[in-house]
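Residue-level structure breakdown
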Amino acid sequence: MDPIFRLDLVVPPEVLDGNRHVNNVAYVQWMQEIAIQHSAITGCTRMTQAVGATWVVRTHRIEYLSPGFAGDSLTILTWVASFRKVRSLRRYKFIRSSDQTLLAEGETDWVFVDSTTGRPRGIPEEIRNSFTIVPDKLK
């Protein structure tokens, strides 16, 4: 399985802001959606639930490079860049398909949390192994 997960979508008009650009909130929503899909397809979601845990966001960072518009076909890419004891760094790229313009890039620092206590806990090896780390130099 490719360690870089891909989601293609067409920008719907309802995600535009007052400037007729894709609203920043839409990018955050898409970051969450693609992360959830990637986690599910690798088996991470199933394994996380089986051990009584969940993932929560510690931080999102996004850099907007060029505006997106209604009707644009986008390719969103995501991958896991690193694991630490209780955290995982995931990166994202948003590319307009027609001209390959990089619209935005970002990252999310996810924390592995016990579902009962709400406290961070170590990420089990089998969950770490459900992803292939993509070092920054290879993106």
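Use the structure listed above.
The present account deals with the structure reproduced in this document.

What counts and what doesn't
- Counting starts from 1 at the beginning of each chain's written sequence and moves along it residue by residue.
- In view of the model being predicted, local features appear only for residues whose pLDDT reaches at least 70, and side-chain atom pairs are presented and counted only at 80 or more, with totals across whole chains, interfaces and linings using the full set of residues.
- Note that water and hydrogens are dropped before the side-chain values are worked out from all heavy atoms of the structure.
- Salt bridge, as used here, is a side-chain nitrogen of Lys or Arg placed within 4 Å of a carboxyl oxygen of Asp or Glu.
- The cut-offs for exposure are 20% and 50% of the maximum accessible area for each residue type, with area from a 1.4 Å probe on protein chains only; residues under the lower value are buried, those over the upper are exposed, and the others partly exposed.
- Every helix listed is a DSSP run of H or I at least four residues long, and every strand listed is a run of E at least two residues long, numbered separately from the N terminus.
- Here the expected span of a helix is defined as 1.5 Å times the quantity of residues minus one.
- For this analysis, residues touch if any pair of their heavy atoms sits within 4.5 Å.
- We define a polar contact as two N or O atoms separated by no more than 3.5 Å, with the added condition that, inside protein, one atom must be a possible hydrogen donor and the other a possible acceptor, whereas residues neighbouring each other in sequence contribute only through side-chain atom pairs.
- We call a set of buried Ala, Val, Leu, Ile, Met, Phe, Trp, Tyr and Cys residues a nonpolar core when their side-chain atoms join them within 4.5 Å.
- To pair, rings of Phe, Tyr and Trp, with the six-membered ring standing in for Trp, must have centres within 6.5 Å; the planes then decide the type, stacked if under 30 degrees apart, edge-to-face if over 60, and tilted in the middle.

A closer look at the pattern of salt bridges
Oppositely charged side chains are able to pair whenever their charged atoms sit close together. Inspection of the entire model under this criterion finds 8 salt bridges. For Asp8, the salt bridge is made with Arg6, and the minimal N-O distance between the two is 3.1 Å. Under the relative-accessibility criterion, Asp8 is labelled partly exposed at 46%. Looking at Arg6, the relative accessible area reads 52%, which means it is exposed. Two residues, Arg61 and Glu107, come together in a salt bridge whose shortest N-O distance is 3.9 Å. Of this pair, Arg61 sits in strand β2 (residues 53–64) while Glu107 sits in strand β5 (residues 101–114), and the two are 46 residues apart along the sequence.

So, helix α1 (residues 24–42)
Taking 1.5 Å per residue as the helical rise, α1 with its 19 residues ought to reach 27 Å, and the 28 Å between its terminal C-alpha atoms agrees with that figure. Burial in α1 covers these residues: Ala26, Tyr27, Trp30, Met31, Ile34, Ala35, His38, Ser39 and Thr42. Looking at the buried residues of α1, the elements they touch are β1 (5–10), α2 (44–50), β2, β3 (73–83), β4 (87–96) and β5. Put simply, Asn23 is the residue that caps the front of α1, since its side-chain oxygen is 2.8 Å from the backbone nitrogen of Val25.

Quick word on the nonpolar core
Formed by 29 residues in total, the largest nonpolar core has its most connected members in Trp30, Trp55 and Phe94. Listed by contribution, the elements that provide at least two residues to this core are β1, α1, α2, β2, β3, β4 and β5. For this core, the element with the most residues is α1, which contributes 6 residues. Apart from residues lying up to four places away in sequence, Phe94 is in contact with Tyr27, Trp30, Met31, Thr75, Ile76, Thr101, Leu102, Leu103 and Ala104. Trp79, Ala81, Leu89 and Ile95 belong to the second largest nonpolar core, which has 6 residues in total.

A short note on the packing of aromatic side chains
Counting across every chain of the model gives 6 aromatic pairs. Ring centres of Trp30 and Phe94 lie 6.4 Å apart, and the angle between their planes is 40°; on these two criteria the pair is classed as tilted. One end of the pair, Trp30, is in helix α1; the other, Phe94, is in strand β4, and 64 residues separate them in sequence.

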